[in-house]
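As a plain string of letters, each chain reads:
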Amino acid sequence: MTANHKIAVLVLPGASPLDVGVTSQVFSRRHGIPAYDVVHCSLAPGPVPGRDGLGFVVEAGLEALATADTVICPGYRNPARPVDPRALDALRDAAFRGARMVSICGGAFALAQAGLLDGRRATTHWQLAPVLAREYPKVQVDGDVLFVDEGQVLTSAGVAAGIDLCLHIIRRDHGVQASNAVARVIVAAPYRSGGQSQYIPRTIPEPLGDVFAATREWALKHLGEPLTLTALARHARVSERTFGRRFVEDTGYTPMQWVLRARVDLARELLETTGLGVDQVAARVGLGTGANLRLHFQRVLATTPTEYRRTFRWRDPDAA
């Protein structure tokens, strides 16, 4: 990604204040990531009515989409209604140019109306997912997940999932250290996978959430040690069967899949911030050998540890 990556946030009439606010907050320059320039735009510069009693004053019109590297469509009131054709044309032009197209919550409907989700997997708020699937049958709607990354096109569920997706974009662009630093400032979870459920499918939750959170925190501090399902369930003080079932419901991963991804993320941070060799990193994160680390990097990130370090070398204080 080049310096001064421009993000255009398309604020449509009736836009959700929280959805718009997420983009401003997460990509703010004050977080120490100077590569993002955020501009808010609409059909024309000036006042734009919002939702829930709040409105906006945007600095740019649709011309901002013509030069944007990333275009973000926050949710808006009555998303199933037709979007102004001028906005749809601007979205199509931006996508054709190769801009990264992103939606938060009901903003997926704008991308769908522009035809940008045809043949792709996408998500939106779980309450809107059936409508999106009915109105746009060419879209592969998954209403159970937090966000979907299809490469050039990314979609997310409701407001909190929009934070997860924006952090995911930073992680994609700048590495795990940068996304963790921003998450720390805004007091958000540093990593929730896109595959995590939007909501827990239980009428009466069992009182295990806090215990499981404590177990995940404990596991993150012991990634370099042997971590088994038995050890995790023992720490949570529940049976292995209960732990495994509830863990999948809460995170979208089996316990051992989650541990593996946590180890890969820790390896990413060590590759970004230290001069440790690949074998040393593998041992530090509990993956044993460099060959094992390479195998999991390829499976999870479709790259190698060496290529990853080269990409984010500028963040390594030991790099020449």
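Anything mentioned here points back to the structure above.
Here's a quick rundown of the structure. Here the structure is a predicted model, which means the values were calculated and not measured. (Residues numbered from 1 in each chain as written. Predicted model: local features only at pLDDT ≥ 70, side-chain atom pairs only at ≥ 80, totals over all residues. Heavy atoms only, no water.)

A few words now on the overall build of the protein. Along the backbone of the protein there are 13 helices and 10 strands. Taking all 320 residues of the protein together, 51% fall into the buried category. For the protein, long-range pairs separated by at least 24 residues make up 65% of all intrachain contacts whose partners lie at least 6 apart in sequence. Surface exposure of the protein reaches about 14,700 Å², of which carbon and sulfur atoms provide 55%. (Helix = DSSP H or I, 4+ residues; strand = E, 2+ residues; numbered from the N terminus. Buried < 20%, exposed > 50% of the residue type's maximum accessible area, 1.4 Å probe, protein only. Contact = heavy atoms within 4.5 Å. Areas by Shrake-Rupley, 256 points an atom, 1.4 Å probe, with all protein chains shown as cover.)

The next point concerns helix α5 (residues 159–174). Compared with the 22 Å implied by 1.5 Å per residue over 16 residues, the 23 Å span of α5 between its first and last C-alpha is a close match. The buried fraction of α5 amounts to 12 of the 16 residues, a majority that puts the element mostly inside the structure. Residues Ala161, Gly162, Asp164, Leu165, Cys166, Leu167, His168, Ile169, Ile170, Arg171, Asp173 and His174 constitute the buried set of α5. Where α5 terminates, the next one or two residues include Gly175, which has phi positive at roughly 100°. (Expected span 1.5 Å × (residues − 1).)

We note that Asn78 has phi near 50°; this positive angle belongs to a residue other than glycine. Within the fold, Asn78 resides in the loop between β5 (70–73) and α2 (85–97). Despite not being glycine, Cys105 has its phi angle at roughly 55°, a positive value. With respect to the helices and strands, Cys105 occurs in the loop between β6 (100–103) and α3 (108–113).

Applying the stated criterion across every chain yields a total of zero disulfides. No disulfide involves Cys73; its sulfur sits 8.7 Å from the nearest other cysteine sulfur, which is in Cys41. The class for Cys73 is buried, based on a relative accessible area of 1%. (Disulfide = S-S within 2.5 Å.)

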